[in-house]
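Listed here are the chains, written in short residue letters.
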Amino acid sequence: MQLKINGEIKTINNSNEELLEALLENLGYKPQLVVVELNGEIISPEVWTNTKIKHGDCLEVVTIVGGGSYS
């Protein structure tokens, strides 16, 4: 299936549908450190295990980065 992930078309060699949480893990993301937008809507992590990804979906995955300090 083809997906648009962070602006790039990617081909995922799995079944026609995959659950969001599994897809994120397969792509190497740490689910506890990302925010996901699916087709223009932010998806709550509580529903990732039930959210099916289909051919042609558009995902934006933003990684949370910590660090730094203010003086």
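Read on for a plain summary of the structure. Computed from a predicted structure; not experimentally measured. (Residues numbered from 1 in each chain as written. Predicted model: local features only at pLDDT ≥ 70, side-chain atom pairs only at ≥ 80, totals over all residues. Heavy atoms only, no water.)

1. Let's talk about the nonpolar core
Phase 1 of the analysis: Leu3, Leu20, Leu24, Val36, Trp48, Ile53 and Leu59 are the most contacted members of the largest nonpolar core, which has 15 residues in total.
Phase 2 of the analysis: For this core, the secondary-structure elements that each account for two or more residues are β1 (2-5), α1 (20-26), β4 (34-38) and β7 (58-63).
Phase 3 of the analysis: When residues no more than four places from it in sequence are discounted, the contact partners of Trp48 are Leu19, Leu20, Glu21, Leu24, Pro31, Val34, Val36 and Ile43. (Core = buried A, V, L, I, M, F, W, Y, C linked by side-chain atoms within 4.5 Å. Buried < 20%, exposed > 50% of the residue type's maximum accessible area, 1.4 Å probe, protein only. Helix = DSSP H or I, 4+ residues; strand = E, 2+ residues; numbered from the N terminus. Contact = heavy atoms within 4.5 Å.)

2. Remarks on the pairing of β1
Phase 1 of the analysis: Every second residue of β1 is oriented toward a common face, the buried set being Leu3 and Ile5 and the non-buried set Gln2 and Lys4.
Phase 2 of the analysis: Across four bridges, β1 lies against strand β2 (residues 8-11) in antiparallel orientation. Bridged to Gln2 within β2 is Thr11.
Phase 3 of the analysis: Alignment of β1 against β7, held across two bridges, turns out to be parallel. Each bridged residue has a counterpart across the sheet, and for Ile5 the counterpart in β7 is Leu59. (Pairing = 2+ DSSP bridges.)

3. So, the side chain of Asp57
Phase 1 of the analysis: Looking at where Asp57 falls in the secondary structure, it is placed in the loop between β6 (52-54) and β7.
Phase 2 of the analysis: Buried charge Asp57 goes without a salt bridge, the closest partner of opposite sign being Lys54 at 4.5 Å.
Phase 3 of the analysis: Of the polar contacts made by the side chain of Asp57, one reaches the backbone nitrogen of Lys54; its length is 2.8 Å.
Phase 4 of the analysis: Dropping the residues within four chain positions of it, Asp57 is found in contact with Gln2, Leu3, Lys4, Leu38, Asn39 and Lys52. (Lys, Arg positive; Asp, Glu negative; His and termini not counted. Salt bridge = Lys/Arg side-chain N within 4 Å of Asp/Glu carboxyl O. Polar contact = N/O pair within 3.5 Å; in protein donor to acceptor, adjacent residues only side chain to side chain.)

4. Things to note about unusual backbone geometry
Phase 1 of the analysis: With a phi close to 50°, Asn6 is a non-glycine residue in the positive phi region.
Phase 2 of the analysis: The residue Asn6 is located in the loop between β1 and β2 in this model.

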